[in-house]
Amino acid sequence: MDCRNVRYCDRKSEINVYQVKALFDLAAFWAAERRLEDLEIAIANSEPVITVWDRDRLTGFARATSDGIYRATIWDVVVHPEYQGLGIGRKLVETVLSHPRVNRVERVYLMTTYQQRFYERIGFEENSTTTMVLHNTPLVSPLPRPDVPVGASIESD
């Protein structure tokens, strides 16, 4: 595979959510059911979002969320199957790690199902002591407005 035209980009304006969805459907079993609308929200609320392009073809994607100083989490690292094994995934993760929103944080977290060895080669360590999960359920009713005391009635306009 000729990778001379591969470029890494941190501009969200270049992201086509349809291409991201197609990449997830092809290369990420854990993200195959994601909806376009939800992907748009996830991308909008992430910084950085790094994409990898071979000319106009999306070949890689990763995003992170971070407070910029204490913690960051890397999400959704995906590389097109035709581009796997070429060092693109490693450089993709390293590009996320070097971004100003991530490069100063004390700890960077990452969840993975089957790729632990890949991430260990980059420097990640298995962490079984601090990771917990809450499977959140959608709220049936909206939260009270912050300017209304709990228990007070709210009159609609």
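Scroll up to find the structure.
Considerations on the sheet that holds strand 2 (residues 49–54)
Thought 1: A sheet is described by the order of its strands in space; here five strands give the open sequence 1-2-3-4-5, paired in mixed fashion. Single-partner strands in this sheet number two, and they are strand 1 (6–9) and strand 5 (107–110). Direction aside, the axes of adjacent strands within the sheet are offset by 20° on average.
Thought 2: Packed on one face of the sheet, helix 3 (residues 88–98) meets strand 1, strand 2, strand 3 (57–66), strand 4 (71–79) and strand 5 and runs near 155° to strand 4.

Describing the packing of aromatic side chains
Thought 1: Counting across every chain of the model gives five aromatic pairs.
Thought 2: Between Phe24 and Trp30, the ring centres sit 5.9 Å apart and the planes meet at 55°, which makes this aromatic pair tilted.
Thought 3: By relative accessible area, which is 0% here, Phe24 ends up buried.
Thought 4: For Trp30, a relative accessible area of 37% translates into the label partly exposed.
Thought 5: Arranged with centres 6.0 Å apart and planes meeting at 85°, the rings of Tyr119 and Phe124 form a pair that is edge-to-face.

What to know about the nonpolar core
Thought 1: Residues Ile74, Val77, Leu92, Val93, Val96, Tyr119 and Phe124 are the most contacted members of the largest nonpolar core, which totals 20 residues.
Thought 2: Those elements that provide at least two residues to this core are strand 2, strand 3, strand 4, helix 3 and helix 4 (116–122).

Here's the deal with the pattern of salt bridges
Thought 1: One pass over the full model with this rule turns up eleven salt bridges.
Thought 2: Notably, a salt bridge pairs Asp38 with Arg35, separated by 3.1 Å at the nearest N-O pair.
Thought 3: On the basis of relative accessible area, Asp38 is assigned to the partly exposed category, the value being 37%.
Thought 4: Residue Arg35 is classed as partly exposed on the basis of its relative accessible area, which comes to 49%.

Here we look at the packing of helix 1 (residues 17–27) against helix 2 (residues 36–44)
Thought 1: Close contact between helix 1 and helix 2 brings their axes to 10 Å; oriented N to C, the two are set at 105°. Overall, the two elements helix 1 and helix 2 adopt an arrangement that is roughly perpendicular. Contacts from Val17, Tyr18, Val20, Lys21 and Phe24 of helix 1 reach helix 2 at Leu36, Leu39 and Glu40.
Thought 2: Its residues assigned to classes, the contact of helix 1 with helix 2 comprises six nonpolar, no polar and two charged.

Quick word on helix 1
Thought 1: The complete set of buried residues in helix 1 reads Val17, Val20, Lys21, Leu23 and Phe24. When helix 1 is viewed along its axis, its buried side chains cluster within an angular range of 160° and face the same direction.

Notes on the pairing of strand 5
Thought 1: In terms of strand pairing, strand 4 meets strand 5 through four bridges, oriented parallel. Within strand 5, the position partnered with Arg71 by the bridge is Arg107.
Thought 2: Handedness of the β-α-β unit built from strand 4, helix 3 and strand 5 comes out right-handed.

Calculation criteria
Residues numbered from 1 in each chain as written. Predicted model: local features only at pLDDT ≥ 70, side-chain atom pairs only at ≥ 80, totals over all residues. Heavy atoms only, no water. Pairing = 2+ DSSP bridges. Helix = DSSP H or I, 4+ residues; strand = E, 2+ residues; numbered from the N terminus. Axes fitted to C-alpha atoms, helices over the stretch in contact; angles between N-to-C directions. Contact = heavy atoms within 4.5 Å. Phe/Tyr/Trp six-rings, centres within 6.5 Å; stacked < 30°, edge-to-face > 60°. Buried < 20%, exposed > 50% of the residue type's maximum accessible area, 1.4 Å probe, protein only. Core = buried A, V, L, I, M, F, W, Y, C linked by side-chain atoms within 4.5 Å. Salt bridge = Lys/Arg side-chain N within 4 Å of Asp/Glu carboxyl O. Parallel < 35°, antiparallel > 145°, perpendicular 65-115°, else oblique. Nonpolar A, V, L, I, M, F, W, Y, C, P; charged D, E, K, R; others polar. Arc of directions from axis to C-beta. Right-handed = clockwise from strand over helix to strand, strands pointing away.

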